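# Results of the structural survey
So you can see what is in the structure, the chains are spelled out below.
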Amino acid sequence: MKELLNKIKAAKQILLSTHRAPDGDGFGAEVALYHALIKLNKKVHLLHVDEPAFKYNFLRKKVRLDVFSNESQPEASETDLILVFDTNDGRMLPGLWNWVTENKIQFAFIDHHPFLEDAPNIGELSFINTDAASTGEIVYSMIKDLEVEMDENIAEALYTSVCFDTQLFRYVKSSAISHAIAAEVIPYIDEPESIHDHLFGNIPIEKFRFLAYCTNKIEFHFNNQFAYLEITDEDLIRFNMSSEDTRDLTDHILGVDSVEISLVVIPAEGGKKLSIRSKKPLRVLELAKLWNGGGHLYASGAYIPADSKSLANLKKDLLSEIKKLL
Ligand SMILES: [Mn+2]
């Protein structure tokens, strides 16, 4: 971490990024460091492969963010460093990552996900702490080390990050750090509860009806210990929803007392995505790896391209692997 902080101190122009379909953790962590780096007089902006969802507008409107495309690329020679949050896999930044590697731009991943054995090189500067409950937790300590004073902008971004990944302090990795950060930043935030609403209390009625439809579609197997839901393209079209709108569903299903593992199959660009959750001590990371996926021990995912052979018997294969776990 010390070497990374020295590079940051020495850099003039720094880009910040996160995985595609940015979430409250990755985006919050980026925005927090953005405001800190501005205070250190750095030239800094966010460079994404996707715009964040509208619910993050309260953070979005306060930063400079560009979306990467082949037509609009930053000047590589003027970029000293790119920091990528909440992933350690360049493939999660399609297009942008080629630009980084082709131009040999110095990079670091700042993340809390376990390494993937088959992931591309993560470089020497990266900082990964799988004990952190959120990427925001890591950025909090970076901001402390950089000796930047807390302010409202940094506080609300850090709070967003911590609230999002811990699901309002439900998943804190049995540590008090998330709460300690909250205790420090809340006094700087005008209405901390409004952040809870932005993140979790903003379901449009159309989406609520879609979620009700999906809930009805869930199949329960193995004495109701396994919940399986497959959402099709037709479902998304019928309700005018995107794959992103299914995101909260996986966690929600795990709220059923008998369910130990939940798995949602979602249409994704050029294929399907598996989103898998489990209750301790069952670990689903290894399961995701069987389909070339990754993530956390109890929350993982995989992407299966449409031309993959494994799609043909997907449900059958999943059921037989899940059966071994239960
Ligand atoms: Mn995260």
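If you're wondering where the values come from, they're calculated on a predicted model, not measured in any experiment.

Read from one edge to the other, the open sheet built from 6 strands follows the order 3-2-1-4-5-6, with strand pairing classed as parallel. The open sheet has two free edges, formed respectively by strand 3 (65–67) and strand 6 (127–128), since each of these has just one partner strand. Across 3 bridges, the pairing between strand 2 (residues 43–48) and strand 3 is parallel. In the strand pairing of strand 3, L46 is matched with L65. Lying on the sheet, helix 1 (residues 2–10) is in contact with strand 1 (13–18), strand 4 (81–85), strand 5 (107–111) and strand 6; it crosses strand 4 at an angle near 130 degrees. The strands touched by helix 2 (residues 24–39) within the sheet are strand 1, strand 2, strand 3 and strand 4, with strand 2 carrying the most contacts at an inclination of about 165 degrees.

Protein coordination at the manganese ion comes from D25 (OD), D86 (OD), H112 (NE2) and D165 (OD), with a distance range of 2.1 to 2.3 Å. Each donor residue of the manganese ion belongs to the same chain, with the gaps between them written as D-x60-D-x25-H-x52-D. Separated by 79 residues along the polypeptide, D86 in the loop between strand 4 and helix 4 (96–102) and D165 in helix 6 (residues 152–165) bring together distant segments of the chain.

Quick look at the domain arrangement of the protein chain now. In many analyses, interface size is given as the accessible surface area lost on bringing the parts together. Segmenting the protein chain into domains produces domain 1 (2–200) and domain 2 (205–325). The straight-line distance from the C-alpha centre of domain 1 to that of domain 2 is 27 Å. Listed by partner, the interface residues are 9 residues for domain 1 and 9 residues for domain 2. It is H113, P114 and L116 that lose the most area in domain 1 upon contact with domain 2, and together they represent 33% of the buried surface on that side.

For the rest of this paragraph, the subject is unusual backbone geometry. Following K280, the chain continues to P281 via a peptide bond in cis, the omega torsion being 0 degrees. Here P281 is to be found in the loop between strand 10 (271–278) and helix 12 (285–290). The residue S174 is not glycine, and still its phi comes out positive at about 50 degrees. Structurally, the position occupied by S174 is in the loop between helix 6 and helix 7 (177–185). Judged by relative accessible area, S174 falls into the exposed class, the value being 75%.

Reading the values: rules and limits
Residues numbered from 1 in each chain as written. Predicted model: local features only at pLDDT ≥ 70, side-chain atom pairs only at ≥ 80, totals over all residues. Heavy atoms only, no water. Pairing = 2+ DSSP bridges. Helix = DSSP H or I, 4+ residues; strand = E, 2+ residues; numbered from the N terminus. Contact = heavy atoms within 4.5 Å. Axes fitted to C-alpha atoms, helices over the stretch in contact; angles between N-to-C directions. Donors = N, O, S within 2.8 Å, 3.2 Å for Na, K, Ca; no water. Domains from an automatic or database assignment. Buried area = accessible area lost by both parts, 1.4 Å probe. Buried < 20%, exposed > 50% of the residue type's maximum accessible area, 1.4 Å probe, protein only.

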